[in-house]
Amino acid sequence: MEEAVRIEGAEGEAPALAGWAIVELMGRRVIAGRVSEQVIAGAALLRVDIPGNGDDVVATQFYGGSSIYCLTPCDEATARKQLRDRWDLPPVVRLALPEPERPAADIDADDDREERTL
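Residues numbered from 1 in each chain as written. Predicted model: local features only at pLDDT ≥ 70, side-chain atom pairs only at ≥ 80, totals over all residues. Heavy atoms only, no water.

A.B. asks: With reference to specific residues and values, describe the overall build of the chain.
C.D. replies: Along the backbone of the chain there are two helices and six strands. Listing each helix as α and each strand as β along the chain from the N terminus yields β-β-β-β-β-β-α-α. Within the chain, buried positions represent 23% of all 118 residues. In the chain, once contacts between residues fewer than 6 apart in sequence are set aside, the share between residues at least 24 apart is 42%. (Helix = DSSP H or I, 4+ residues; strand = E, 2+ residues; numbered from the N terminus. Buried < 20%, exposed > 50% of the residue type's maximum accessible area, 1.4 Å probe, protein only. Contact = heavy atoms within 4.5 Å.)

Structure below.
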């Protein structure tokens, strides 16, 4: 199991970010995965590799610093548990509601309208 996020950097260099973390984003989105810092088009972005089963990466996402609300360093097991807890949801239950009953006066009025239009 890998350790949590490490922030390292030589003296005078910006620290590099690498490891596992739970990332909370604006809009109440929460993701977890292996995080690192990557520069794209001159902007430093947080790269999140979201794991699937085993060593597979099912998605890689990039986020700007202004969209990150919180970054919680953790170990791999905790990040994977966060993903399981959020995404292993029970199937959607479809409720079948009975047709609402209409008062007899409404039914008679509808019948009269249909007769008049014929």
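A.B. asks: Mind laying out the nonpolar core, listing which residues take part and the relevant values?
C.D. replies: The biggest cluster of nonpolar side chains holds 17 residues, and the ones touching the most others in it are Val23, Ile31, Val35, Leu46 and Val48. Considering every element that reaches this core, the biggest residue donor is strand E2 (residues 16-25), with six residues. Setting aside residues up to four positions removed in sequence, Leu46 forms contacts with Leu17, Val23, Val35, Ser36, Gln61, Phe62, Tyr63, Ile68 and Leu71. (Core = buried A, V, L, I, M, F, W, Y, C linked by side-chain atoms within 4.5 Å.)

A.B. asks: Would you mind going over the pattern of salt bridges in detail, with residue names and values included?
C.D. replies: Inspection of every chain in the model, using the stated rule, returns two salt bridges. Note that Arg47 and Asp49 form a salt bridge whose closest N and O atoms lie 3.1 Å from each other. Take Arg47: its relative accessible area is 26%, and that puts it in the partly exposed class. The exposure class assigned to Asp49 is buried, which follows from its relative accessible area of 16%. (Salt bridge = Lys/Arg side-chain N within 4 Å of Asp/Glu carboxyl O.)

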